[in-house]
Amino acid sequence: MFPSFTLFTTLYCLFKYSLKKHAAKKSNILLILFVTFLAGCTTTQPVNNIKPGYTSDIIKREQMLAQLTTWQVKGKIAFINSEERKSASLYWNKSNTKQQLNLTTYLGINVLKLNSDEGNHTIEVDGKTYLDNDLDSLIESLVDMRFPTEALSYWIKAIPYNNNDSFTFNSDSQLPLTLSSHYNGYNWLITYASYQTIQKGEKTIAVPNKIKITSSDLTINIAINHWTI
């Protein structure tokens, strides 16, 4: 059985594999993870352009985003370790039971495509197709490393995955600055550099648009230029 996943993981692993296809073996698939979002129509703007004195209600914001299960994100993603840096354009479309994730080069070449439907997952990379109903196991078999596949779908919205996740907040806006979490045996630090607002009906929701995720030797940078909910 496969838990809801965060495509961060898949992309990180398989992206590195695709770019190093001429040296390919399992150990070469070490850099591709990814996570983002989809749904309706929204308008966005940087938090810095919001009226002075903008304040978010911590509890209400967390509740609204926890209930938000359909979204879409477009932007850029970079994977960095002590040996190399890889980047790609990202597109992630998520609904309750389906997800689609694409990673492409700056020339528009598709380096990874992931589709999920009712817990069945298909990954296309380097002309090969991988199928499994357990994304965590599939990624671990390819990369020989664990990633926060499920937690990332929460962290990208700046909400907790575990009850013991801890936050620091901006004293003015009351938006999360950092999130510390322990997932699958690893400590993770998520830093939120900036936000934008999404207008959904009469509700205004602040979501991150610059995110840095670090654990041990791995850093993932995400820059989101378009949110849709």
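Residues numbered from 1 in each chain as written. Predicted model: local features only at pLDDT ≥ 70, side-chain atom pairs only at ≥ 80, totals over all residues. Heavy atoms only, no water.

**As for the overall build of the protein**
Reasoning step 1: Along the protein, the regular secondary structure elements total 4 helices and 12 strands.
Reasoning step 2: Put simply, the protein has 229 residues, and 51% of those count as buried.
Reasoning step 3: Sequence separation of 24 or more characterises 57% of the internal contacts of the protein that already satisfy a separation of 6 or more.
Reasoning step 4: Of the roughly 11100 Å² that the protein leaves accessible, carbon and sulfur atoms contribute 48%. (Helix = DSSP H or I, 4+ residues; strand = E, 2+ residues; numbered from the N terminus. Buried < 20%, exposed > 50% of the residue type's maximum accessible area, 1.4 Å probe, protein only. Contact = heavy atoms within 4.5 Å. Areas by Shrake-Rupley, 256 points an atom, 1.4 Å probe, with all protein chains shown as cover.)

**Re the pattern of salt bridges**
Note that side chains of opposite charge can pair when their charged atoms are close.
Reasoning step 1: Tallying each qualifying case throughout the model produces 1 salt bridge.
Reasoning step 2: For Lys86, the salt bridge is made with Glu84, and the minimal N-O distance between the two is 3.6 Å.
Reasoning step 3: Glu84 gets classed as buried once you look at its relative accessible area, which sits at 14%. (Salt bridge = Lys/Arg side-chain N within 4 Å of Asp/Glu carboxyl O.)

**Examining the packing of aromatic side chains**
Reasoning step 1: Within the structure shown, the criterion is met by 7 aromatic pairs.
Reasoning step 2: Between the aromatic rings of Tyr154 and Tyr161, the centroid separation amounts to 5.2 Å while the plane-to-plane angle is 65 degrees, which identifies the pairing as edge-to-face.
Reasoning step 3: Of the residues examined, Tyr161 reaches a relative accessible area of 23% and is grouped as partly exposed.
Reasoning step 4: Ring geometry for Tyr192 versus Tyr195: centroids 6.1 Å apart, planes at 40 degrees, classification tilted. Across the pair, exposure class does not vary: Tyr192 and Tyr195 are buried alike.
Reasoning step 5: Site record: aromatic cluster; members linked through ring pairs are Tyr154, Trp155, Tyr161, Tyr183 and Trp188. (Phe/Tyr/Trp six-rings, centres within 6.5 Å; stacked < 30°, edge-to-face > 60°.)

**A closer look at a nonpolar patch on the surface**
Reasoning step 1: Side chains of Tyr106, Leu107 and Ile109 sit close together on the surface and give an oily, nonpolar patch of about 420 Å² of accessible area.
Reasoning step 2: Topologically, Ile109 is positioned in the loop between β4 (98-104) and β5 (110-117). (Patch = residues over 30% accessible without salt bridge, like charges linked within 9 Å, V, L, I, M, F, W, Y side chains within 5 Å.)

**What about the environment of Asn221?**
Reasoning step 1: Secondary-structure assignment places Asn221 in strand β12 (residues 218-228).
Reasoning step 2: C-alpha of Asn221 to C-alpha of Lys76: the two residues are 145 residues apart in sequence and 8.2 Å apart in space.
Reasoning step 3: Excluding its chain neighbours within four sequence positions, the residues that come into contact with Asn221 are Lys76, Ile77, Ala78, Ile80, Ile211 and Lys212.

**Examining the environment of Asn209**
Reasoning step 1: Tracing the backbone shows Asn209 in strand β11 (residues 203-215).
Reasoning step 2: Relative accessible area serves as the criterion here: at 11%, Asn209 is assigned to the buried category.
Reasoning step 3: Residues Asn209 and Lys157, spaced 52 residues apart in sequence, show a C-alpha to C-alpha distance of 9.3 Å.
Reasoning step 4: Engagement of the side chain of Asn209 in a polar contact is seen with the backbone oxygen of Tyr195, the distance being 3.4 Å. (Polar contact = N/O pair within 3.5 Å; in protein donor to acceptor, adjacent residues only side chain to side chain.)

**Examining unusual backbone geometry**
Reasoning step 1: Located in the positive-phi region is Glu118, a residue other than glycine, with phi close to 55 degrees.
Reasoning step 2: When you line up the elements, Glu118 lands in the loop between β5 and β6 (120-125).
Reasoning step 3: Positive phi, normally seen in glycine, also occurs at Gln174, with a value near 65 degrees.
Reasoning step 4: Residue position: Gln174 is located in the loop between β8 (166-169) and β9 (176-183).

**Let's talk about the pairing of β4**
Reasoning step 1: Taken across its 7 residues, β4 has 5 buried, putting it largely inside the fold.
Reasoning step 2: Bridging between strand β3 (residues 85-94) and β4 involves 6 bridges; their strand directions are antiparallel. When the sheet's bridge partners are listed, Asn93 is paired in β4 with Gln100.
Reasoning step 3: Where β3 folds back on β4, the antiparallel hairpin that results is connected by 3 residues.
Reasoning step 4: The sheet contact formed by β4 and β5 spans 7 bridges and is antiparallel. Opposite Thr104, over in β5, you have Asn110 as the bridge partner.
Reasoning step 5: With antiparallel pairing between neighbouring strands as the criterion, β4 and β5 make up a hairpin whose turn holds 5 residues, including Gly108 at a positive phi of roughly 85 degrees. (Pairing = 2+ DSSP bridges.)

**A short note on the pairing of β5**
Reasoning step 1: Relative to β6, β5 is paired through 5 bridges, and the arrangement is antiparallel. Following the sheet pairing, Asn115 is matched in β6 by Thr122.
Reasoning step 2: Linking two consecutive strands that pair antiparallel, namely β5 and β6, is a turn of 2 residues; a positive phi of about 55 degrees is found at Glu118 within it.

Keep in mind these numbers describe shape, not what the thing actually does.
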